[in-house]
Structure formats: structure tokens, C-alpha cells
Amino acid sequence: MDKKSAQARYQRILVKLSGEALQSDSQLGIHAEQLEKICQEIASVAKRGTEVAVVVGAGNFIRGADLCANGFDRITADQMGMLATVINGLAMQDAFLKEGIPTLVMSALPMPGLVDCNNRLKAKEALAQGKIVIFVAGTGNPLVTTDSAAALRGIEIDADIVLKATKVDGVFASDPIKNPKAERYDVLTYDDVLEQRLGVMDLNAILLCRDHGLPLRVFNMNQQGAIQRIVMGEKVGTLIERKDA
């Protein structure tokens, strides 16, 4: 795993996964087959020499906004959500280890004896050694989404690109589920996303990526081999980058 693929366009990637990606269509929690499928997809890229980091959400267990709607304090709700991402991170670590890939889980909240505390230099060292690094607990702060965590961690580890996994084939002019004829964009600038309010990621994440020149590609995680195709330079989903890229 220490050999880089000479043909690959991207040598170090960060994959942003929602918690919902790990659940079944009908039940909350972690669906074993779905977890295995996603981790095998990511592992196949790592086995070919690409350095891979992952930021995972917790929507399969808990969503801060939903808790607030039911009377919870927003700060408390977000803290509960951060803890739930740790559960998902540990589950992914177990799945990667079963694929024979060394894995490091790093938390923005100190949890000695359970996972490592986030440290960008240690994360970069682990990536260079061929380990998959899973970032959990978001940024460690409430009122901030895991989208922002993905942008921040991508910048910290000098990722070549952030890959946001979704259930649709990229970014569309309108909701493709409600409008099957909605136009899909091949390429956008971050300013396009902001001006058209496309809702790709939260505002802070978009601004972080734009200001640091970090490309973002939105793709359908359910397409087998999609991550490998992206790494090799294929135009999968929608690429978002700065105007001067």
C-alpha cells in the first residue's frame, strides 16, 4: 500500500460520508451489509495506493436538528450527534480491519482509551503509511456540521480533493428525486454554488474549500467503482472548483 499509482490523478483523498449511508432504507442504525459494501469500496482504492481519509456523520442514529424540534437544547443535541459519529467510526474501523487495512480513528473530542485525539501531523503520517484515517466527532464544536469538518480536515491533511458521497449522481439544478428531468451539472465553481444556493454543503464548508482551493466532487456512492474512477481522473458526478483552477 506504500506504492502510489502513477496513473492516478489524486494521491490523497478525503471521503465525506453521511451517517445515513450506513443504514438500510427502512431502519436507523448500522446495516451490516451496507457498512461492508461501502468499506469494501473505499478499501479497494486504498489497496491500490491512494491515501484515504474519511469524515463520517451520524444521521443514521441522531440528528441535532430533529432533537431540537423535540425540545432538546441545540448545543446538547449537537454534542449527542458528535458522540454518535464515534460509533460509526468504530464500526468502519472494524470493517476496514477485516479487509486487511490498518486504520486509525481520530476524534475531535478527547476519548483516551477508545480512539486517538485529532492531530493533523499524526494523521498525515498515518496516511503516508497506508492507513485509512477516520475523523469523528465533527470539529468538536456544536453548531457546526460534518460538512465543515470534512472541509477542515481536508485542508489540514493537504487532501487533493474532497469526495462527497450522496444518493444522487451529482449536483442538479433542482431536486432530481422530485424532478427526474432536472439538469445535472458536470462542473461548477464555488461561486456558482453560492449564487444559485444549490445546497451542496453548508455555507462554511463551501467557503473553506473555495478559500483554500480545495476541489470537491459530489457523486453517487451507490455506483460501484465510483471512487476508483474518480481517483483515476474520470468525470463522475459533479466537480466543484475555483474559477482560477
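Just above, that's the structure.
Now for a description of the structure that goes with this document. (Residues numbered from 1 in each chain as written. Predicted model: local features only at pLDDT ≥ 70, side-chain atom pairs only at ≥ 80, totals over all residues. Heavy atoms only, no water.)

## A short note on helix α4 (residues 120-128)
Helical geometry: 3.6 residues make up each α-helical turn, so side chains three or four residues apart lie on a common side. For clarity, the threshold we go by: Buried, partly exposed and exposed residues are distinguished by accessible area as a fraction of the type maximum, computed with a 1.4 Å probe on protein chains only: under 20%, between the cut-offs, and over 50%, respectively. Secondary structure elements follow DSSP: runs of H or I no shorter than four residues count as helices, runs of E no shorter than two count as strands, and numbering proceeds from the N terminus. This arc is taken over the directions from the axis of the helix to the C-beta atoms. Two residues qualify as a contact provided that any one of their heavy atoms is within 4.5 Å of a heavy atom in the partner residue. Residues adjacent in sequence count toward polar contacts only when both atoms are side-chain atoms; beyond that, a polar contact is any pair of N or O atoms within 3.5 Å, and within protein one must be able to donate a hydrogen and the other to accept it.
By the burial criterion, the buried members of α4 are A123, A126 and L127. Buried positions in α4, seen along its axis, are confined to an arc of 100° and lie on one side of it. Where α4 is buried, its residues contact β1 (12-17), β2 (51-56), β3 (103-107) and β5 (132-136). Between a side-chain oxygen at the N-terminus of α4 and the backbone nitrogen of L121 the separation is 3.0 Å; the capping residue is N119. G130 occupies a position one or two residues after α4 and carries a positive phi of about 90°.

## Thoughts on the packing of helix α5 (residues 146-156) against helix α7 (residues 203-211)
Our working rule: Helix axes are fitted to C-alpha atoms over the stretch in contact, other axes to C-alpha atoms as well, and angles between N-to-C directions run from 0 to 180 degrees. Roughly parallel refers to an angle under 35 degrees, roughly antiparallel to one over 145, roughly perpendicular to one between 65 and 115, and oblique to any angle outside these ranges. The sense of a crossing depends on the near helix, which, turned anticlockwise from the far helix by less than a right angle, makes the crossing left-handed and, turned clockwise, makes it right-handed. Each residue receives one of three labels: charged for Asp, Glu, Lys and Arg, nonpolar for Ala, Val, Leu, Ile, Met, Phe, Trp, Tyr, Cys and Pro, and polar for the others, Gly being one of them.
Viewed as axis vectors pointing N to C, α5 and α7 meet at an angle of 20°, and their least axial separation amounts to 7 Å. Here α5 lies roughly parallel to α7, going by the angle between them. Note on packing geometry: the crossing formed by α5 with α7 is left-handed. Residues D147, S148, A151, L152 and I155 of α5 touch α7, and the partners they reach there are N204, A205, L208 and C209. Here the residues of the contact of α5 with α7 sort into 6 nonpolar, 2 polar and 1 charged.

## Observations concerning the packing of aromatic side chains
Selection criterion: Pairing of aromatic rings covers Phe, Tyr and the six-membered ring of Trp, with a centre-to-centre limit of 6.5 Å; geometry is then stacked below 30 degrees between planes, edge-to-face above 60, and tilted otherwise. Look at NZ for Lys and CZ for Arg. If either is within 6 Å of the ring centre and within 35 degrees of the ring normal, a charge sits over the ring.
The tally for this structure, following the rule as stated, stands at 0 aromatic pairs. For R153, the ring lying beneath its charged end belongs to F135, and the centroid distance is 5.9 Å.

## As for the pattern of salt bridges
For clarity, the threshold we go by: Each salt bridge in this description consists of a side-chain nitrogen of Lys or Arg and a carboxyl oxygen of Asp or Glu lying within 4 Å of one another.
Within the structure shown, the criterion is met by 14 salt bridges. Between R12 and E51 there is a salt bridge whose closest N-O contact spans 2.6 Å. With R12 in strand β1 and E51 in strand β2, this pair connects stretches of sequence that are 39 residues apart. The same class applies to R12 and to E51, which are both buried. Residues K164 and D147 are paired through a salt bridge, measuring 3.3 Å at the closest nitrogen-oxygen approach.

## Describing α5
With 8 of its 11 residues buried, α5 lies for the most part within the structure. Within the span of α5, buried status applies to T146, D147, S148, A149, A150, A151, R153 and G154. One or two residues past the end of α5 sits D158, with phi positive at roughly 60°.

## Quick word on the pairing of strand β6 (residues 161-166)
Formally: Strands are labelled as partners when DSSP assigns at least two bridges between them.
The element β6 is extensively covered by neighbouring structure, given that 6 of its 6 residues are classed as buried. Alternating positions in β6 separate into two faces, I161, L163 and A165 on one and V162, K164 and T166 on the other, with burial throughout. Summarising the sheet, β1 and β6 pair through 4 bridges and their orientation is parallel. By the bridge assignment, L14 is partnered in β6 with V162. By the bridge criterion, 5 bridges tie β6 to strand β10 (residues 216-220) in an arrangement that is parallel. In the sheet register, A165 faces β10, and the bridge partner there is F219.

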